[in-house]
Amino acid sequence: MDQFLYGLPLIGLVFELIGYLIAILPDIAPIVVKASVPIGFAALCGVMCERSGVVNIGIEGTMLVAAFVGWTAGVYLVPVLGSEVWPIFGATPSLVVALLCAVLAGVVVSFVHAWLSISVKADQIISGTIINIAAFGITGYLISLLSKGSPAGAGQFHAWTPPTELTDLPVVGWIFETILAQGPLTIGLFVIVIAFQIALFRTRWGLRSRAVGEHPRAAETVGIDVIRLRYRNVMAGGVLAGLGGAFLSMEATAVFQQGMTAGRGFIGLAAMIVGRWTPLGAFGAALLFASSVGISQSILILPPSGQLGDMLAKLPPQFFDALPYLITIIILAGVVGRSIPPAADGQPYEREAAT
Amino acid sequence: MSDRLSRAWGILALPLISIILSIIVGSLVIIASEWLVAGELKPGLALDAYSALVSGSVGSFRAIVNTLTNSMPLMLGGLAVGLAFKAGLFNIGAQGQFLMGALGSVIVGVQLRESPVIIAVPLALGAGMLAGAAWGFIPGFLKAVSGAHEVVTTIMLNFVAIAILAAAVSGPLNVIGSQSPTTLPVGNAALPVILGRNGTIAIIYAPLMAVLYGWLLFRTTRGFEIRIAGASPDAARYAGMSPKRLIIWTMSVSGMLAGMAGATDLLGATHQMTTTYGTTVGFDSIAVALLGRTSPLGIVLAALLFGAMRTGAGAMQIQAGVPAELVGVLQATILFFLVASPVVKRIFRLKGARTGLEETTTFTSTYGGEATIR
């Protein structure tokens, strides 16, 4: 009974916290969604690769290269293609072609990872590490060469203005506003998450990919080309990472900065684990992690009152930066809800010798 | 005699070829990027850049001392990652352990800044090693208890370390009245200089740790267990070793070495800490361990090479106008060719060459599925 009474003030605090979160939700939701986009794309890339049995910790580097190529392509394309603004998303021809370049860059980097891990059968974690080191080096080298002339990029995508009939709806209007009053890559992410979830669990491709990730030998026996499918999926993951990188330098900002991914590729990996290697779960985790950023900002601007406010004010702001990683460690360690990777994840596939 | 020579060639061939290939790729990058950006084709630029790189790193007494100073944290970090590799563990967390080591040493160092050097230095260095060991213990413990893969947990802990460091420096360690958050300098806890202007005692103890590393691995029972566990976990278990204890022990010692690297950088070079304190030493350590193929002598040489490249980078940027980041490109290309060594071997017809990373096949193979350590 005593123990129960000890718990009472704590329960009160939890309710206060929930109340505060609900109150600030409409305000922080757009920030959270924006922050979740690069993490979400990185997490989807991770799901795509690891579901088919290739560990990819080079997502951070892949995104960085894509962000750089997208911005740089813009610099060179504007004089050629001009910047006539189309009526939607503030898109210009150069911006759209630059986006394609960024995606292509993501695919190329992923191809290197696929080649090293599938064909060369090098250790996949070392291969990913090298991609990260190389991406940081080469983009850092090139940007400090390029920025001597301080060129302007192709600008950035703008947010869409959804019809007011939707956003003015009572109670749910802000949800439409949050999702639809965004740039093309953010809206695209929502579509991709749902499409990917359906594709992975409801289509032939999805079944085959999962089979290749869980038991490649069995998959090969029923006639699936394990090597080819892994190559294809890792490169498709490159498309996703490329979009994530492009978001950073072409939608969230209009510039490229050295090391601008700032660990988002790694948080994406964490989101993939917390989301148990499913697209929907991974994106949910990305939203959760991003809200850690949103909450820390709103506490600074609009602190909650009373006991809860005092407690939160005592926490160092860095606590919220560390929170996603702590959650991931706790989940990985199996303290709450164990998360288990696909069985053949990380193992190079050897075809059985024809005899 | 020729037998020994061919053995030595077998070990050295791939690292040397990787280094030579990366120099070639690097010069192509220099020439091509200059051509793309400035529109001029200057083949001599690569030569200018490399000669500035060499003279900036080993061209004078002062440059050599700088190279040695820069190499020591890399050496310790390389030993940290190498030890884990030997046991079949991939410690990507060297970066986090490095930061925690630096933080531990600055906390104690600032406290003891007016104590006698003979007390302050060992205690501050020891605190860094202890903090690094603690940060290495966590992923080891988690892996032993729950099978959580050390690659993921150490990556997460790297970011937690960054947050803790920033919170500590902007909070309790912050000097009141300073413009931006920063700690006090470590004063007497700074590593004593024994060579030139900034050559600290790290020049002595880091190579000594490499000797200890070799002794541990090849002359002790524990080292034998580590090598068996790295080569074949099943064999280790059948021989009655306890993989759980071995994992925890190895990760803690690996963390201790990385923490020592952090303490060496802080007490030997920066002497105080800001919220943005952090070098890429932790990540470069992975490169050092791979290039040195986890052997003590190899790690020492690889650390000296990377340390020299870091040191000469500034001179290269000033004298040849080639960005210092080229060093990162060179390091990554060396690694690329090392990892692609099966292909390199085929192209250069190196039958006898050893890739030297045979044991590393074990860590991703333990990544998938439900892991249980028996």
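Residues numbered from 1 in each chain as written. Chains lettered and ligands numbered in written order. Predicted model: local features only at pLDDT ≥ 70, side-chain atom pairs only at ≥ 80, totals over all residues.

For chain B, the helix and strand inventory stands at 15 helices and 2 strands. Relative to the 2.2 N^0.38 estimate, which gives 21 Å for 374 residues, the radius of gyration of chain B is 21 Å and therefore close to what a compact globule would have. With the C-alpha coordinates aligned to their principal axes, the bounding extent of chain B is approximately 60 × 55 × 40 Å. A total of 374 residues make up chain B; the buried ones form 56% of that total. Once local pairs closer than 6 in sequence are excluded, the contacts in chain B between residues at least 24 apart make up 77%. (Helix = DSSP H or I, 4+ residues; strand = E, 2+ residues; numbered from the N terminus. Rg over C-alpha atoms; globule rule 2.2 N^0.38 Å. Buried ≥ 20, exposed ≤ 12 C-beta atoms within 10 Å, placed from the backbone. Contact = placed C-beta atoms within 7 Å.)

A few words now on the overall build of chain A. A count of helices and strands for chain A gives 14 helices and 0 strands. Ordered by position in the sequence, the α and β elements of chain A form the string α-α-α-α-α-α-α-α-α-α-α-α-α-α. Radius of gyration (C-alpha) of chain A: 22 Å, near the 20 Å computed for a compact globule of 355 residues. Along the three orthogonal principal directions, the C-alpha set of chain A runs to about 75 × 60 × 40 Å. Buried positions account for 51% of the 355 residues belonging to chain A. Restricting to contacts in chain A with at least 6 residues of sequence separation, those with at least 24 account for 79%.

Listed per partner, the contact involves 46 residues of chain A and 44 residues of chain B. For the side of chain A that touches chain B, the secondary-structure elements that each account for two or more residues are α4 (124–146), α11 (264–274) and α14 (318–332) of chain A. Residue contributions to the side of chain A that touches chain B peak at 17 residues, all from α4(A). Its residues placed into classes, the side of chain A that touches chain B shows 31 nonpolar, 12 polar and 3 charged. (Nonpolar A, V, L, I, M, F, W, Y, C, P; charged D, E, K, R; others polar.)

Per-chain confidence: chain B averages 88 in pLDDT, with 93% of residues scoring 70 or above. The lowest-confidence element of chain B is helix α15 (residues 361–365) of chain B, averaging 57 in pLDDT; the highest-confidence one is helix α4 (residues 94–111) of chain B, averaging 96. (pLDDT = per-residue confidence, 0-100.)

Residue and element names in this part refer to chain A. Here A154 shows up in the loop between α4 and α5 (164–167). Note: C-alpha distance between A154 and S292 (138 residues apart in sequence) is 32 Å. Excluding its chain neighbours within four sequence positions, the residues that come into contact with A154 are G74, L77, V78, S83, T92, S94, L95 and A98.

Residue and element names in this part refer to chain B. Running from N to C, helix α3 (residues 61–86) and helix α12 (residues 296–320) cross one another at 135°; their axes reach a closest spacing of 7 Å. One element, α3, and the other, α12, form an angle in the oblique class. Judged by the sense of rotation from one axis to the other, the crossing of α3 with α12 is right-handed. Contacts between α3 and α12 involve A63, N66, T67, N70, S71, L74, M75, G78, L79 and G82 from the former and I299, V300, A302, A303, L304, F306, G307, A308, R310 and T311 from the latter. Residue composition of the contact of α3 with α12, by class: 11 nonpolar, 8 polar and 1 charged. (Axes fitted to C-alpha atoms, helices over the stretch in contact; angles between N-to-C directions. Parallel < 35°, antiparallel > 145°, perpendicular 65-115°, else oblique. Left-handed = near helix turned anticlockwise from the far one by under 90°.)

Now for the environment of Q307(A). Here Q307(A) shows up in helix α13 (residues 306–314). Through-space distance from the C-alpha of Q307(A) to that of H158(A) is 41 Å; in sequence the pair is 149 residues apart.

Turning our attention to the nonpolar core. Ranked by internal contacts, the top residues of the largest apolar core, which has 228 residues, are A43(A), L44(A), A271(A), A124(B) and L257(B). A per-element tally of this core places helix α6 (residues 150–170) of chain B first, with 15 residues. Here A271(A) is in contact with I39(A), A43(A), A282(A), A285(A), A286(A) and F289(A), once residues within four sequence places are set aside. (Core = buried A, V, L, I, M, F, W, Y, C linked by C-beta atoms within 7 Å.)

What follows concerns the packing of helix α11 (residues 281–291) of chain B against helix α13 (residues 326–339) of chain B. All names here are of chain B. For the pair α11 and α13, the least separation of the axes is 10 Å and the interaxial angle reads 45°. One finds that α11 runs oblique with respect to α13. Between α11 and α13 lies a crossing whose hand is left-handed. For the pair formed by α11 and α13, the contact residues are D284, A287, L290 and L291 on the first element and Q331, I334, L335 and L338 on the second. Residue composition of the contact of α11 with α13, by class: 6 nonpolar, 1 polar and 1 charged.

Next up on the list: the environment of G214(B). Following the sequence through the fold, G214(B) ends up in helix α7 (residues 202–219). For the pair G214(B) and T67(B), spaced 147 residues apart in the sequence, the C-alpha separation amounts to 23 Å.

The phi torsion of most residues other than glycine is negative, and most of the peptide bonds are trans. In this model, W277(A) sits at a positive phi of 60°, which is unusual for a non-glycine residue. Among the secondary structure elements, W277(A) is positioned in the loop between α11 and α12 (279–301). Of note in this structure, R293(B) is not a glycine but carries a positive phi near 40°. The topology assignment puts R293(B) in the loop between α11 and α12. With 24 C-beta atoms packed within 10 Å, R293(B) lands in the buried category.

On to α7(B). Residues and elements named next belong to chain B. Helix length check: α7 (18 residues) gives 24 Å between terminal C-alpha atoms against 26 Å at 1.5 Å per residue, within 8%. Listing the buried residues of α7 in full gives A202, I203, A206, M209, A210, Y213 and L217. End-on view of α7: buried residues confined to an arc of 135°, all on one side of the axis. Structural note: α7 exposes I204, L208, V211, W215, F218 and R219 on the side pointing more than 90 degrees away from its buried face. Looking at the buried residues of α7, the elements they touch are α3, β1 (193–195), β2 (199–200), α8 (221–231), α10 (243–270) and α12. (Expected span 1.5 Å × (residues − 1). Arc of directions from axis to C-beta.)

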